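Architecture at a glance
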Amino acid sequence: MKLPTSPFTVTDWSKVEPTTHPGETGEAKWRTLNIGDLRVRMVEYSPGYLADHWCDRGHVIYIVKGELDSELRDGRKFKLTPGMSYQVSDFGDAAHRSSTAVGATLFIVD
């Protein structure tokens, strides 16, 4: 990930209109700021959310609240709680997908 040239920007996430993205189960609400090829998001997963795809995109993901289960296509699983993060490159270690039993709020840069 390379940060594009941009001005200093302050984001009030409560004023960014969310978009809804259905999962295999549950839904995700994204509040998104696009700066060139960089995407910065606050994402809320509903309880019972399961992503509808395996993802190969690189991310830096920070757990703000709730719990996130991250599963890698090779079978490894990780439970992340508030204050934890994960980092993965484009087409990195293994494709991944997210789920949560209780819901989660994430800050994501990709």
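Scroll up a little and you will see the structure.
Presented here is a report on the structure given in the accompanying data block. (Residues numbered from 1 in each chain as written. Predicted model: local features only at pLDDT ≥ 70, side-chain atom pairs only at ≥ 80, totals over all residues. Heavy atoms only, no water.)

For the rest of this paragraph, the subject is the sheet that holds strand β9 (residues 96–100). Across the sheet, which stays open at both edges, the four strands sit in the order β4-β9-β6-β7 with antiparallel pairing between neighbours. Looking at strand neighbours, the two that pair on one side only are β4 (49–50) and β7 (77–80), the edges of this open sheet. Pairing between β4 and β9: two bridges, direction antiparallel. Residue pairing for β9: L50 is matched across the bridge by S99. (Pairing = 2+ DSSP bridges. Helix = DSSP H or I, 4+ residues; strand = E, 2+ residues; numbered from the N terminus.)

Strand pairing in a sheet takes place through backbone hydrogen bonds and is either antiparallel or parallel in direction. The six strands are arranged β1-β2-β3-β10-β5-β8 in an open sheet whose pairing can be described as antiparallel. Strand pairing shows two members of the sheet lacking a second neighbour, β1 (19–22) and β8 (85–88), which therefore form its edges. Strand-to-strand, the axes of this sheet are offset by a mean angle of 25 degrees, without reference to chain direction. Bridge count for strand β3 (residues 38–45) against strand β10 (residues 104–109) is six bridges, and the pairing is antiparallel. Within β10, the position partnered with E44 by the bridge is T105. (Axes fitted to C-alpha atoms, helices over the stretch in contact; angles between N-to-C directions.)

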